[in-house]
Amino acid sequence: MSRILLVDDDISLLKLMSMRLRSQGYEVDTADSAEAALNRLRQQRADLVLSDLRMGGMDGLALFEKIQAQWLGMPVIIMTAHGTIPDAIQATRSGVFSFLTKPIDKDELLSTIEHALSLTRPKQKREWQSQILTRNPQMEQILIQASTIATMEVPVLILGPSGSGKGLMAQTLHQASARRDQPLYVINCAALSWEALDQELFGEDGRSGIFAQAKGATLFLDEIGNLSASLQAKLLQVLQEYGQGTAEVRVLSASHQDLVAAMDEGRFREDLFYRLNVANITLPPLCARSEDIPLLARQALDGYKARHSDCLAMGFSPEALAMLASAAWPGNVRQLSSLVEQLASLCSSPVIGVVMVESALSGSSGGIPSFNEARAEFEREYLIRLLRTTEGNVTLAANMAGRNRTDFYKLLNRHAIEAANFKPKS
């Protein structure tokens, strides 16, 4: 059943249209202001929003802009009086699905709604979605977006904080695509040295490597922001040569870094960014989807039990789940999964209780960092130590590190370290 959010500051019209839409089988929620509508959407996602244009406070067009910023792709239909038709036409140019003139014609209303829903209605949940559990409105909207993007033969950039599930989203996109019967090749750009990464991506001649193996399949480049300038140039050249036809390679990429800021700072090529960012998906941190934490905790426990037949834990107490849901989770889903596995391995009863969770959370100190996070922190501290030792002399510090001066400066730029800060004060 499709859910429609009806927004109008005319209470009598809200009641009349609600009755009309419910009689047609729609689930209807109402809001008497744009602000109330946004609050409703944060609690439960709608399949379509039907809003008046002129309302007290925020108007319908401003509401549409807010919706698009938070729930990209959710269709919005604007209702307008005769005198505001020019405004409504401008609204459709901004991306509003359609507008209807008051008094609303019943047949036109229903046909417009059904047309909008037919274009955006999510397909029945399939196996490829089964690993992404959610009841969070933002994540539900992201899954709808992903189901559309997956079928497009274009590069996709997946953004989000470390541990938020970017790799899982890449697998989901691949499984939902026409290439699902072909392999998904995964390269972690932060886990290899630049020399090894060069060999892996481009091979001996700079034109083969993984791209030759992955023709007709999908290539996932994780932590794309870690590529050196020379590797970025090579990747751009290969993408331009191979194209994105069905017989070539589809590239998915991901980063936890702010690549727009990296472009502004000269650390990431603008032309490569736009080549990779034809479509994009941004995953929220776990703290923004706390209602999903019980689902994800049970999923992690089920996964652990499937791998360890001697696991005694069968579930969590309600208090334990509540404590997990209220934790901060700076390491996101990865940290939650790691902690659940720790609890399952230590549990000596069928139920993981609140005392165990409290003890594990207090001892986690924010969770074990990922390998990439730990390596980046070590690298940062190492560079700072070198510069302190050499009092900001970059040439000497580069020699001590066994790197040339140019590469050393690139390392400093990557970690936003200024050598001048380490020179003695005059």
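Analysis parameters
Residues numbered from 1 in each chain as written. Predicted model: local features only at pLDDT ≥ 70, side-chain atom pairs only at ≥ 80, totals over all residues. Heavy atoms only, no water. Pairing = 2+ DSSP bridges. Helix = DSSP H or I, 4+ residues; strand = E, 2+ residues; numbered from the N terminus. Axes fitted to C-alpha atoms, helices over the stretch in contact; angles between N-to-C directions. Contact = heavy atoms within 4.5 Å. Buried < 20%, exposed > 50% of the residue type's maximum accessible area, 1.4 Å probe, protein only. Salt bridge = Lys/Arg side-chain N within 4 Å of Asp/Glu carboxyl O.

The next subject is the sheet that holds strand S2 (residues 27-31). The five strands lie next to each other as S2-S1-S3-S4-S5, forming an open sheet whose pairing is parallel. In this open sheet, the two strands that pair with only one neighbour each are S2 and strand S5 (98-101). When strand polarity is set aside, the average angle formed by the axes of neighbouring strands in this sheet is 20°. The pairing of strand S1 (residues 3-7) with S2 spans five bridges and is classified as parallel. The residue of S2 that forms the bridge with Leu 5 is Asp 29. Contacts from helix H1 (residues 11-22) reach S1, S2, strand S3 (48-52) and strand S4 (76-80), with the element oriented near 165° to S2.

Burial within strand S8 (residues 218-222) is extensive, with five of its five residues counted as buried. Burial along S8 is two-sided: Thr 218, Phe 220 and Asp 222 facing one way and Leu 219 and Leu 221 facing the other are all buried. Strand direction decides the pairing type here: strand S7 (residues 184-188) and S8, joined by five bridges, are parallel. Following the sheet pairing, Ile 187 is matched in S8 by Leu 221. For S8 and strand S9 (residues 250-255), the ladder comprises four bridges, and the chain directions are parallel. Along S9, the bridge assignment pairs Leu 219 with Val 251.

Turning our attention to the sheet that holds S9. Pairing within the open sheet is parallel, and its five strands lie in the order S7-S8-S9-S6-S10. Looking along the sheet, the strands with just one partner apiece sit at the ends: S7 and strand S10 (279-282). Going across the sheet, the axis of each strand differs from the next one's by a mean of 15°, ignoring polarity.

Considering all chains together, one arrives at 14 salt bridges under this definition. With a shortest N-O distance of 2.8 Å, Arg 269 and Asp 271 are connected by a salt bridge. Classification of Arg 269 as partly exposed rests on a relative accessible area of 32%. Relative accessible area serves as the criterion here: at 37%, Asp 271 is assigned to the partly exposed category. Residues joined in a network through salt bridges with shared partners are Arg 3, Asp 29 and Arg 40.

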